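A look at the structure
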Amino acid sequence: MKLPVSAVLWHAYRKAQTDYHDVNPEEEIERIKIFSGEDTSPQEDSATLYLVSLSAINTYMSQLVGMQILSKNIILCVLKDDEENIINEEISAHLKIVFLYTQDSLLKVCNKILDGFHLLSSWESDVNVHILKGDTIQEILDDSLRIIDCSVIILDRSYKVLGYIKAMDEEPPIFSDVEDKGYLSKETCHELIKLGVMPYAENGRNLKRGKKKVLNKGEYHTLWEQIENDGNIAGFILWISSDKNAFSSNKCKISFCASVLGRYFGSPRFQNSISSDMQESLLLDIINNPNAAGNSVRERVRMILNMDTEGEFALMCLDCPDEKSGSVRMISWNMGNTFNGIIPFVHDGMLYVFARMDMCDITSRDFEDKLSNIIEPMFINKDFTIGISNVFTSLLDISEAITQCSLAVEYAGKRRSGEFVRYASVCLPHIADILNETGKIGLPLSREYEILVKYDRENTTDLTEFLYVYLANRHNVNRTAGELFLHRNTVMKKMKKITEITGNDFDSFDDTAMFLITYHMEKRKGQII
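The structure reproduced in this document is the subject of the present report. (Residues numbered from 1 in each chain as written. Predicted model: local features only at pLDDT ≥ 70, side-chain atom pairs only at ≥ 80, totals over all residues. Heavy atoms only, no water.)

1. Structural notes on the sheet that holds strand β6 (residues 74-79)
Where we set the bar: Note on pairing: DSSP must find at least two bridges between two strands before they are called paired. Runs of H or I in DSSP of at least four residues are treated as helices and runs of E of at least two as strands, each being numbered from the N terminus. To get an axis, fit a line to the C-alpha atoms, keeping to the stretch in contact for a helix; angles then go from 0 to 180 degrees between the N-to-C directions. What makes two residues a contact is simply this: any of their non-hydrogen atoms within 4.5 Å.
An order of β2-β7-β6-β5-β4 is seen for the five strands of this open sheet, with the pairing classed as mixed. Single-partner strands in this sheet number two, and they are β2 (17-21) and β4 (31-34). Averaged over neighbouring strand pairs, the angle between their axes works out to 20° when direction is ignored. Most of the contacts of helix α1 (residues 5-12) go to β2, to which it runs at about 165°, and overall it touches β2, β5 (48-53), β6 and β7 (97-101).

So this is what it looks like as structure tokens:
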């Protein structure tokens, strides 16, 4: 495992003076050794930190120079605090060398640096294990207190707080947002931008450092870093300290810690240009509080990229009675990586997918095929149905969309597993049930329906069912013939017969609608033979 040399030295000797000559503080080392005169054959890929005394440098200068040819070895010369003025120019001119000033012996320095190296490398390994286990960033931070000694706030792309460490006796007021709201409010963000803590540009690359007054209370030193995943901003890390040298003397260690913690944002959930955490939270809040004030919702939406309270939206729901929520959440993550413009979330153990119609067309067959390719492998030999709501134009109507999705699944009945069922295709039986429940309509709405039912009973025919299929297929002869396994000429003859019996060719929308609603009302009452 390789670590930046400055991070290792700072962790072991944070108060000691160090001077770098022709050495980049961010250069990485993977081994630490005390130099002996026998170390003369370095490997090209070697990245060893050799500890030497000043007397050893003077004795083995040519060997030390040779050790650094075609290798990444670094020399660390341990000097007493009062030996700064005895370094000659020849040493600095020929060697890639770091000078460490301390009263400790060479052996003690080596042991302390080894301890720091192993502590940092073990922490890096532990973070990797946490990520593989799917632990939260807060669990990772709780296990990082042995390394991180300043306050930290980690945010997702939408400024939702994912985790934090409070390391100062008197924390800045920003932590009231962190603990009370769980996200940085618009007012706090504007204040941090005004103070120079956050960059003005959303994709600002510069790191903000220096003495800042955070929310007009106390002087704090801050460092703002953004984390990217696949070229997109995935999150942010805000470091806060009361030490004026916190982000200058240990810059490389902070950068190293940020790069390790940033691996958390390498998980699939952060691979899109935005994280869905804040979006999911907002949608669930609206669902759980349908009477929430529209103004408060609009205020939160303003903080979320690619979200609006008004637009063209649709909702889908996956129903699989035999499936556990674990697989549902896995599908949610996979979907989030496959489609743009959708927000998968889990509510009451069921997977829902919120879709922006201007970014993805869920009415297209291509969308259904892609979605099926994700879901079907995880539901082998299991029945599942996907209900789809009508398009709605206000985010506040998402609770009604959930109802429509549930009704689509419910009225789908025993259709083929894996089918996409739109509420529009089952709304007539739903309306029929509502009319039946009110009990205010005693007689059938369609006279033609009564005529055909009577004719079928007297002549043992199926013209009522036939007409329903014909009208449901929008008078399409070929589609009706295919569904009923009839020749198209037979379909035309049956329609001619129905027109003779009822005196109606059903070209009128009103007549068609009344017949279909009456059909569903009577079917739900079990009166169709």
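2. A few points about the packing of helix α18 (residues 477-484) against helix α19 (residues 488-502)
Selection rule: Working rule for angles: under 35 degrees goes down as roughly parallel, over 145 as roughly antiparallel, 65 to 115 as roughly perpendicular, anything else as oblique. Each residue gets one label: Ala, Val, Leu, Ile, Met, Phe, Trp, Tyr, Cys and Pro are nonpolar, Asp, Glu, Lys and Arg are charged, and the others, such as Gly, are polar.
Axis separation between α18 and α19 bottoms out at 9 Å; the angle between their running directions is 105°. Comparing the axis directions of α18 and α19 gives the class roughly perpendicular. Here α18 contributes Val477, Asn478, Thr480 and Ala481 to the contact with α19, which in turn contributes Arg488, Val491 and Met492. Taken together, the residues that form the contact of α18 with α19 break down as four nonpolar, two polar and one charged.

3. With respect to the nonpolar core
Here is the rule: To form a nonpolar core, buried Ala, Val, Leu, Ile, Met, Phe, Trp, Tyr and Cys residues must be joined to one another through side-chain atoms within 4.5 Å. Three exposure classes are used, based on accessible area relative to the maximum for each residue type with a 1.4 Å probe and protein chains only: buried under 20%, partly exposed in between, and exposed over 50%.
Leu49, Ile113, Ile148, Trp239 and Leu261 are the most contacted members of the largest nonpolar core, which totals 48 residues. Here the element with the most residues in this core is helix α5 (residues 106-133); it accounts for seven residues.

4. Re unusual backbone geometry
The phi torsion at Asp22 lies on the positive side, around 60°, for a residue other than glycine. With respect to the helices, strands and loops of the structure, Asp22 is situated in the loop between β2 and β3 (28-29). In this model, Arg474 sits at a positive phi of 60°, which is unusual for a non-glycine residue. Within the secondary structure, Arg474 is located in the loop between α17 (463-472) and α18. You can call Arg474 exposed: its relative accessible area is 72%.

5. Comments concerning the packing of aromatic side chains
For any two aromatic rings, the description comes down to two numbers: the centre-to-centre distance and the angle of the planes. The following threshold applies: Think of it this way: a Phe, Tyr or Trp ring, Trp meaning its six-membered ring, pairs with another when their centres are within 6.5 Å, and the plane angle makes it stacked under 30 degrees, edge-to-face over 60, tilted otherwise. Criterion for a charge above a ring: Lys NZ or Arg CZ within 6 Å of the ring centre, and within 35 degrees of the ring normal.
Throughout the structure, instances matching the rule amount to 12 aromatic pairs. Judged by centre distance (5.8 Å) and plane angle (85°), the ring pair of Tyr264 and Phe265 falls under edge-to-face. With respect to class, Tyr264 is no different from Phe265; both count as buried. The side chain of Lys112 reaches across the aromatic face of Tyr13, ending 4.2 Å from its centre. For Lys494, the ring lying beneath its charged end belongs to Phe466, and the centroid distance is 5.6 Å.

6. So, the environment of Asn289
Structurally, the position occupied by Asn289 is in the loop between α10 (277-288) and α11 (294-301). The spacing of Asn289 and Leu396 is 107 residues in sequence and 9.8 Å in space, taken between C-alpha atoms.

7. Some remarks on the pattern of salt bridges
Inclusion rule: What makes a salt bridge here is a side-chain nitrogen of Lys or Arg within 4 Å of a carboxyl oxygen of Asp or Glu, nothing more.
Scanning all chains against the criterion turns up 10 salt bridges. Note that Glu27 and Lys96 form a salt bridge whose closest N and O atoms lie 3.4 Å from each other. Residue Glu27 is located in the loop between β2 and β3, and its partner Lys96 is located in the loop between α4 (89-94) and β7; the two are separated by 69 residues in the primary sequence. A relative accessible area of 21% means that Glu27 is categorised as partly exposed. Glu448 serves as the salt-bridge partner of Arg447, at 3.8 Å between the closest nitrogen and oxygen. Glu448 sits in the buried class, given a relative accessible area of 10%.

8. Some thoughts on α5
Our working definition: Helix span, as expected, comes to 1.5 Å for every residue beyond the first.
Helix length check: α5, at 28 residues, gives a terminal C-alpha distance of 41 Å against a target of 40 Å (1.5 Å per residue), a fit within 8%. Count one or two residues on from α5 and you reach Gly134, which has phi positive near 80°.

9. Let's talk about the side chain of Glu225
As a reminder of what qualifies: Throughout this description, a polar contact denotes any pair of N or O atoms lying within 3.5 Å of each other; where both atoms belong to protein, one of them has to be capable of donating a hydrogen while the other can accept it, and for residues adjacent in sequence the pair is counted only when both atoms sit in side chains.
Take Glu225: it is sitting in strand β11 (residues 219-229). Overall, the relative accessible area of 9% leaves Glu225 in the buried class. In this structure the side chain of Glu225 is engaged in a polar contact, spanning 2.8 Å, whose partner is the side chain of Trp239.

10. Examining the pairing of strand β8 (residues 151-156)
For β8, the tally of buried residues reaches six of six residues, placing the bulk of the element in the interior. Alternating residues of β8 divide into Ser151, Ile153 and Leu155 and Val152, Ile154 and Asp156, and every residue in both groups is buried. Looking at chain direction, β8 and strand β12 (residues 232-241) are connected through six bridges and run antiparallel. When the sheet's bridge partners are listed, Leu155 is paired in β12 with Phe236.

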